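In case you want the letters, here they are:
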Amino acid sequence: MTIELVDALSKVKEAAGVLIDADKTIRSVGVGRAADGYGFQAVRNVKAAVPLASGTGAKKIPRDIAGIPVHFINSSRDPASLARVPHSGPASPGVGSLIPEQQFHRPLMCGLQIQNFDDDVRTGEIARGFIIIGTLGCFVQRDSGQIAILTNNHVAAGENRGVIGADRIQQPGGSTFVAAMEVGELSQFVRLVDSPPGATIVAGTVVLNEVDGALVDLSAGTAHIQNYLPSRTVTSPRGVAAASVGDKVHKVGRTTGLTFGTVTQVGAVVGPVPYAPGDVWFQQCLVVEGDNGTTFSDHGDSGSAIVRDDGMLVGLLFAGNGSQTYACAIDNVMRQLDCQLA
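Calculation criteria
Residues numbered from 1 in each chain as written. Predicted model: local features only at pLDDT ≥ 70, side-chain atom pairs only at ≥ 80, totals over all residues. Heavy atoms only, no water. Pairing = 2+ DSSP bridges. Helix = DSSP H or I, 4+ residues; strand = E, 2+ residues; numbered from the N terminus. Axes fitted to C-alpha atoms, helices over the stretch in contact; angles between N-to-C directions. Salt bridge = Lys/Arg side-chain N within 4 Å of Asp/Glu carboxyl O. Buried < 20%, exposed > 50% of the residue type's maximum accessible area, 1.4 Å probe, protein only. 1 Å grid on protein atoms, 1.4 Å probe; cavity = no way out; pocket = protein on both sides within 12 Å on 5 of 7 lines; lining within 4 Å. Points joined across faces, edges and corners; volume = space filled by probe spheres on them. Nonpolar A, V, L, I, M, F, W, Y, C, P; charged D, E, K, R; others polar. Contact = heavy atoms within 4.5 Å. Phe/Tyr/Trp six-rings, centres within 6.5 Å; stacked < 30°, edge-to-face > 60°. Lys NZ or Arg CZ within 6 Å of the ring centre and 35° of its normal.

Colleague: Looking at this structure, how should I read the sheet that holds strand 7 (residues 130-135)?
Modeller: Sheets are built from strands that pair by backbone hydrogen bonding, the pairs being arranged parallel or antiparallel. With antiparallel pairing, the 9 strands of this open sheet are ordered in space as 5-7-6-10-11-13-9-8-21. Edge positions in the sheet fall to strand 5 (84-86) and strand 21 (339-341), since each has one partner strand and no second. In this sheet, neighbouring strand axes are inclined to one another by 45 degrees on average, regardless of whether the strands run parallel or antiparallel. Bridge analysis of strand 9 (residues 147-151) against strand 13 (residues 214-218) gives 4 bridges, and the strand direction is antiparallel. Each residue of the ladder has a partner; that of T151, found in strand 13, is A214.

Next comes the structure, spelled out in structure tokens:
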């Protein structure tokens, strides 16, 4: 029997609940290709520390859910998002880096490094010698006509700490406020809702988020181009589309630069991902894997636009485990932030 995509997607939350309840190392469950149509793909962190189950308490890990096959994929890290780097010295951003996105650039372009300066002051990161950085995904237009930067909440809004209309965003960022580096102010974000400790999907206590997103209104006179740096000879975002399994995609981010990959899963449930409010879970996510075993993303690439080879924007990168990259589906992002591609 051929398993249709719509049938697998309708059962993915149920599958995630059952599988994560049975195997505490599983960190995401999505829908991908199977031998006969579509099936569930469960990514587990084989190095995760989990309590030992007694012989009578251990649960059998199912190989199918409602007749839909389950394929297991091993990873060695939990999904994570933040990039915390020294703001000075040899390891600071841009010093000796081969990634041009870490440098100062005007006009602004997609993929550049950005920082919420005021949140780094507020949390004491700068006083400790660090800054939190991420990636400028692309440019969008709000209903007011204002042009804004699209990125993650955890990049521009400090994981819900952000002060709208006050937090200043710098490019590329640093330990001091520099007027020439300011590109705009935080204008909107989707609030991240955490789940209580020990929450499970089976028990109905997990809160499933769909978006880690924020907008930064560009300062008056700040030049921008909906493109990548000239050295990045790939198609820039020019439209929006829903991702499909098998889509060939690329991203440009401040840490790994230009990388290429394939959408291997859609509709994924991911979690828990650690954020300041607590453990945050997501649903309806995309999973991307680097082509030919390459790394598609790393810490600091959060906020990058996931773009199909034809220029269609399909996702907003928010986390990864070194092997799998997780992205919010772009239609959810645009809807919840009430914006459109500029």
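Colleague: Quick question: what am I supposed to make of the pattern of salt bridges here?
Modeller: When the charged atoms of two side chains lie near each other, side chains of opposite charge can form a pair. Summed over all chains, the structure comprises 18 salt bridges. A salt bridge links R232 to E101; the nearest nitrogen and oxygen atoms lie 2.9 Å apart. Of the two residues, R232 is situated in the loop between strand 13 and strand 14 (239-240) and E101 in the loop between strand 5 and strand 6 (113-116); the sequence distance between them amounts to 131 residues. Judged by relative accessible area, which is 15%, R232 ranks as buried. Classification of E101 by relative accessible area gives buried; the value is 0%. Here R168 makes a salt bridge to D118, at a shortest N to O gap of 2.8 Å. Here the residue R168 occupies a position in strand 10 (residues 168-170), and D118 occupies one in helix 3 (residues 117-122), the gap between them amounting to 50 residues. Classification of R168 by relative accessible area gives partly exposed; the value is 24%. For D118, a relative accessible area of 16% puts it in the buried group.

Colleague: What should I look at first to understand empty space enclosed by the protein in this one?
Modeller: Picture a little ball the size of a water molecule; that probe, rolled over the atoms, points out where space is still empty. Across all of its chains, the model carries 2 cavities of 30 Å³ or more by this definition. Taken together, 13 residues line the largest cavity, and the ones lying closest to its centre are A80, D298, H299, A319 and G320. Tallied by class, the residues present in the lining of the largest cavity amount to 4 nonpolar, 7 polar and 2 charged. Within this model, the second largest cavity holds a volume of roughly 30 Å³.

Colleague: Can you help me understand the environment of C110 in this one?
Modeller: Positionally, C110 belongs in the loop between strand 5 and strand 6. Residue class for C110 comes out buried when judged on its relative accessible area of 0%. When the C-alpha positions of C110 and G253 are compared, they lie 8.4 Å apart, and in sequence the two are 143 residues distant. If near-sequence neighbours (up to four positions away) are discounted, C110 is found in contact with L136, G137, C138, F139, I225, Q226, N227, Y228 and P237.

Colleague: Help me out: how do you make sense of the packing of aromatic side chains in this one?
Modeller: Each aromatic ring pair is described using two quantities: the centre-to-centre distance and the angle formed by the ring planes. Counted by the stated rule, this structure contains 3 aromatic pairs. Aromatic pair Y275 and F282: ring centres 6.1 Å apart, planes at 55 degrees, arrangement tilted. The same class applies to Y275 and to F282, which are both buried. Pairing F282 with F318 gives two aromatic rings, centres 4.4 Å apart and planes at 40 degrees, and the pair type is tilted. Here F282, found in strand 17 (residues 278-290), pairs with F318, found in strand 19 (residues 312-320); they are 36 residues apart in sequence, far enough to count as distant. For F282, a relative accessible area of 0% gives the class buried. For F318, a relative accessible area of 0% translates into the label buried. Through a chain of ring-to-ring contacts, the aromatic side chains of Y275, F282 and F318 assemble into a single cluster. Looking at R84, its charged tip hangs above the ring of F130, at a distance of 3.7 Å from the centre. Sitting above the plane of the F296 ring, K251 keeps its charged end 5.6 Å from the centroid.

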